[in-house]
Amino acid sequence: MNFDGLDPGMGEYSASLHGTLDAGLEPSMDPHLNPNLLQAVELDPEGLAVTVPEPVHLMEGMFSELHSVVSEVGIPVTAVHFDLQEEMLWMGNHRGHVTSYFGPTMGRHSSFQVHSTDDIRHIQSLETGVLFLSKCNLKCFTRGGLVMFDYPMEEGADMHSLFMTDNNMLLMGGLQNYVVEVDLNTVQETQKFTVEVPGVAIMRQSNRFFFCGHTSGKITLRDLRTFKMEHEFDAFSGSLSDFDVHGNLLAACGFSSRGLNGLACDRFLMVYDLRMMRAVTPLQVHVDPLFLRFIPTYTSRLVIISQTGQCQFCEPTGLANVADIFHVNTVGQLLMSFDVSSSKQALAFGDSGGCVHLWSDVPEVSFNDYSRETEFALPCLVDTLPQLDWNHDLLPLSLIPMPLTSTEQLLSDWPTALATPSPRRAPPVDQEILRTMKTVGFIGYAPNPRTRPRNQVPYKIKDVELDYDNYNQVPESPIGREEEPHLCMVAKKYRKVTIKYSKLGLEDFDFKHYNKTLFAGLEPHIPNAYCNCMIQVLYFLEPIRCLVQNHLCQKEFCLACELGFLFHMLDLSRGDPCQASNFLRAFRTIPEASALGLILADSDEQTGKAKLGRLIQSWNRFILTQLHQETQEQEGPQAYRGSVIGKLFGCEVENSSLCRCGKETVRSSLTLLFTMHYPEQNSQEKTIKAYDFAEILKKSICLEQSTQAWCENCEKYQPTVQTRNIRCLPDVLVINCEVNSAKEAEFWKVQAEVTHGEEVCSMEGFTFDTRAEDLRHVWVPATLKMSISKTQGLEISSCSEGEEVSLFVSAAEEAEGVSLYDLVVTVPHIQDARTGGNLVAHIKVSETYHQRKEGVTHQQWYLFNDFLIEPIDKTEAAQFDVSWKVPAILYYAKRNYHTRYDLRIKNPIDASVLLTEASLARKQRKSHATFIPLMVSEMPQAGDLVGLDAEFVTLNQEEAELRSDGTKSTIKPSQMSVARITCVRGQGPNEGVPFIDDYISTQEQVVDYLTQYSGIKPGDLDAKISSKHLTTLKSTYLKLRFLIDTGVRFVGHGLQKDFRVINLLVPKDQVIDTVYLFHLPRKRMISLRFLAWYFLDLNIQGETHDSIEDARTALQLYRKYLELSRGGVSDDVRKVLKGLYEKGRQLDWKVPDSDTGESQGSTKSMQSNGGRCQ
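Let us look at the structure shown here. Keep in mind the model is a prediction, meaning the values are calculated, not measured. (Residues numbered from 1 in each chain as written. Predicted model: local features only at pLDDT ≥ 70, side-chain atom pairs only at ≥ 80, totals over all residues. Heavy atoms only, no water.)

## A short note on the pattern of salt bridges
Going through the model one piece at a time under the given rule, you end up with 38 salt bridges. Among the ionic pairs, R275 bridges to D273, the shortest N-O distance being 3.2 Å. A salt bridge links R852 to E542; the shortest N-O distance between them is 3.4 Å. Highlighted residues: R852 in helix α16 (residues 847-854) and E542 in helix α4 (residues 542-550), separated in sequence by 310 residues. Since its relative accessible area comes to 5%, E542 is described here as buried. Each of D83, E86, E127, R143 and R372 takes part in a single network of salt bridges with overlapping partners. (Salt bridge = Lys/Arg side-chain N within 4 Å of Asp/Glu carboxyl O. Helix = DSSP H or I, 4+ residues; strand = E, 2+ residues; numbered from the N terminus. Buried < 20%, exposed > 50% of the residue type's maximum accessible area, 1.4 Å probe, protein only.)

Now the structure itself:
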């Protein structure tokens, strides 16, 4: 810092604020060299070193000199620094030369010139090298002395200090009005912060501020991000010498102004409390402080160093003790630099005579807590070559290096064709990163999927791939999988199922292998499909199924409407799986769902980070509340308790709060489900107490707990006893099990074992083993008897399996409110470490569903695991082995409850949906209309033809991997969204005229508009700038549903994919797909463009696709097919198709007389995956 006013002897060898020493003076000719310095010093041409003839004995806990070394005699040491990575000490002198010393013995490691004239002012070690700061230059060298980079400063710069803000960014300050931020990765200036004159000479940092010391005596506190000044301490009137920060304390030393006498060293240290931002009592010391540092060990000690070598230790908030003063033997020289090791065990001093002193308080000193191994220069091996025995047959001659000859070519000079480098193959990039990556220029940005620790990439690629294949990869199916030791616990049918995609998409995937019933499963690859099991639960509750199918409202995103559409598909399906894509799309737009954390990121689903058990219970509560609100809005506010959801699940609850002052507050509310609460277990009790499930359920429903609540009488928060009682029983009792920790899981396990043991002991005869196996892990009763009386309140009792057969409720009991509840649904969380776990449902399917699907009348339990459906035994539905099968949700239904509900379904969709509607687009005009809506007289009838075509955009790209044989395996298909739907009239005077041409507005981010194949351009789906007829998906969906329900026949090309993305299930007899009409078995699918050219002599799809043109062409092709097959001879049609395929092979399926771009586009479209040929 500023040394004005110090000892006059410092005038020739001042610190870095002063001018440069005369570089022409040789060390041996230095006139200021102190002869006493050369005592016990052995001069050596390679360097000068102080020899320590005897080992140094240190007293534990007391600092004393361990070693000292002379680098260059008479050249002041202007900077010392302990290496932060290795056991090394660095020093830089006034002539720009640096030297490193290894370990406590200070053996010379490296020595090199950094700058030819300027002194070294600051040294900072990095992971890969060391930074050296001079007046107008920053250089980085390896620890061996090789230059890594050279960064020159602006003209006029006078740098004094640097500070690392993180691994790659540093700040540099000095005697100018700015501080520079430099990125070490690019070695470029990133920012320049303006500061007040005379600049910044010292920088420190805490977790709240940057601290900048100025030569004017002030210390400023600046914001970590913006570098703006937040506070300022005016420490000294003259100049600042040094300061340091630790915890909430800042200590500074400096010089005071003495008027005309200049500056005088101030023996009072200024100490500041950073919590209150004010000075505390100054600390008086007994030496003239030049340097100070905190050395926090047991306490926050301060070490204060004077220029003459005096060293004092003291507490920053206590009194300094004269006994704590030590002296550095500088042989009359002045201290110029000082540093403390990161381990706080070593101190280093550099003096004006070129000597470096190492002090320590422990005999076995370590500079860092965890130092890495230091690399040393290898010794020369030329002079130590071994003697070779030429008579030895197996002696390697390569031990003797051969001389270079000009006649033979070296291996390094071989051509690249003969010497191909084989670099290490980089590990594959995580598919989740590629899917979520956004590209700006040539740089991609993606959120961290957190599948592995930060900054760690495995090097053993082969081992990692084997490990990935063996443990982390999700298998394609649970059936047929080899049993493995760590998977045998989870039964195959409960494991997570996935779809194996081929180049044809789903067409050749055998869903019947997983579902041999006529009930429909649900596909799991859609985001947030974890709730598939609960969708099935709601579907198999008959009143819910009828309620949502009768519901229709004007809201764009209504979960009740979407559930109704989905349940309609489940009704129509005959064992084929359905998708809940539209329902989940609406689900993602509900703000409450997002606020409750029910919207999962893809990475959470794939990596198994989501706590599915807790999640599905929150989803259960959310969906019941949401359906209650949405259906109640249609039925009217007066239907709060009388609504279907309220009657089915609702239970009037009386909540009472009793304050200790005697004030009681009673509130009534409606609850749709109950949460289990378990008794506290005393770990000291050796005997295990058995609880009946009915007893725990009753305490959970009639909950009593103590909590802090506001008392209006006391007018403050008081301990209150809150009790809950119910006034009526619901028709369906919904229970969230809340087994979310090991404590609750252990309770279930113990209770099942205790109950199982008691029942086994009561059994007799040969049925012992079979029955014992069936009742393992069963604690949940199959039937509950529940009643509410004015005197006793709620009464619940469990009914064992033997009692269940003869169980009935008499008329007297029924009059008293006694009801029987049967277990109808259990939803367990399957914990599988390999796949991340999944959710399944056990559902007791009633007679009405079997009657509709199979024509039989009986009840049966089924397991629903996405698209896997399998009948199970009723005992299995209540078995919960909590080591892998954890209970989440239970549904108990009152016997014959559905007889009290109207179970008729009246289709709410009528012909009005096809009439004229307004467009969402603000710029759309009637003159731009591309269709003519149907008149009332044109309403379609059953059997009418409608030409249909749809265009799509991509929301998420496909995730695929290449196998070792070069084939592609689709892990997850691309997520598509319908963007345009066109329907044209198929008969009448206006045949071929469209009556629907809707562009579908989307609120989700589109990653690819597929303009070449869809004709959709950016902006077409934006209501603010679109000129198209823009509608909601729900509006267009209703139009198509009405046409399907009417019984029209759709004609199009590749309709299977169209209806799949739109999320519609159309009976097969209502679909006429031209891609199959003009197709021979085991041959390729033919594109619409080629068929139109071959049969109709039309050249369509020139630059982009147009859905109106495609729908008309499909209708014309169907007419052509009818014309070809009019004679009823199938051989004639087959001959025509053979000619078609022969022509296609000749032309390579490219339409003639088209430019290259069109042909390639057409070919790409024809060969597109997914089974749809445009």
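Let's pick the thread back up.
## Comments concerning the sheet that holds strand β29 (residues 325-327)
Sheets are built from strands paired through backbone hydrogen bonds, the pairs being either parallel or antiparallel. Here four strands make up an open sheet; going across it, the order is β26-β27-β28-β29 and the pairing antiparallel. Only two strands of the sheet have a single partner each, and these edge strands are β26 (289-296) and β29. Strand-to-strand twist across the sheet, computed as the mean angle between neighbouring axes with direction ignored, equals 20°. In terms of strand pairing, strand β28 (residues 310-314) meets β29 through three bridges, oriented antiparallel. (Pairing = 2+ DSSP bridges. Axes fitted to C-alpha atoms, helices over the stretch in contact; angles between N-to-C directions.)

## Regarding the sheet that holds strand β4 (residues 77-82)
Here we have four strands laid out as an open sheet, ordered β4-β5-β6-β7, and antiparallel in their pairing. Strand pairing shows two members of the sheet lacking a second neighbour, β4 and β7 (107-113), which therefore form its edges. Ignoring which end each strand starts from, the neighbouring axes of this sheet average 20° apart. As judged from the six bridges shared by strand β6 (residues 97-102) and β7, these two strands associate in the antiparallel manner. Bridging from a neighbouring strand, H97 pairs with Q113 of β7.

## Structural notes on the packing of aromatic side chains
Applying the stated criterion to the full structure yields 51 aromatic pairs. Note on F210 and F227: the rings are 5.8 Å apart at their centroids and 50° apart in plane angle, and the pair reads as tilted. On the criterion of sequence distance, the pair formed by F210 in strand β17 (residues 209-213) and F227 in the loop between β18 (218-223) and β19 (229-234) is long-range, its members being 17 residues apart. Of the two residues examined, F210 and F227, each falls in the buried class. On the numbers, 5.7 Å between centres and 50° between planes, the contact of Y691 with F747 is tilted. Remark: F747 occurs in helix α12 (residues 742-761) and Y691 occurs in the loop between β37 (674-675) and α11 (693-701); sequence separation between them is 56 residues. (Phe/Tyr/Trp six-rings, centres within 6.5 Å; stacked < 30°, edge-to-face > 60°.)

## Details of a positive patch on the surface
A cluster of basic side chains, namely R1082, K1083, R1134, K1135 and K1138, defines a positive patch on the protein surface. With respect to the secondary-structure elements, K1135 resides in helix α24 (residues 1130-1146). The exposure class assigned to K1135 is exposed, which follows from its relative accessible area of 61%. (Patch = residues over 30% accessible without salt bridge, like charges linked within 9 Å, V, L, I, M, F, W, Y side chains within 5 Å. Areas by Shrake-Rupley, 256 points an atom, 1.4 Å probe, with all protein chains shown as cover. Lys, Arg positive; Asp, Glu negative; His and termini not counted. Charge placed at Lys NZ, Arg CZ, Asp CG, Glu CD.)

## Here's the deal with empty space enclosed by the protein
Tallying each qualifying case throughout the model produces five cavities of 30 Å³ or more. Put simply, the largest cavity is a space of about 80 Å³. What lines the largest cavity is E556, F557, E562, N582, R585, A586, L1033 and K1034. Of all elements in the fold, only α6 (581-588) and α19 (1033-1046) reach the threshold of two or more residues within the lining of the largest cavity. No other element matches α6, which puts three residues into the lining of the largest cavity. Among the residues forming the lining of the largest cavity, the class breakdown is three nonpolar, one polar and four charged. (1 Å grid on protein atoms, 1.4 Å probe; cavity = no way out; pocket = protein on both sides within 12 Å on 5 of 7 lines; lining within 4 Å. Points joined across faces, edges and corners; volume = space filled by probe spheres on them. Nonpolar A, V, L, I, M, F, W, Y, C, P; charged D, E, K, R; others polar.)

## Some details on the pairing of strand β27 (residues 300-306)
When you tally the buried positions in β27, you get six out of seven residues, the bulk of the element. By the bridge criterion, seven bridges tie β26 to β27 in an arrangement that is antiparallel. Note on β27: the bridge partner recorded for L292 is I304. Pairing of β27 with β28, which is carried by four bridges, proceeds in the antiparallel orientation. Bridge pairing in β28 places I305 opposite C311.

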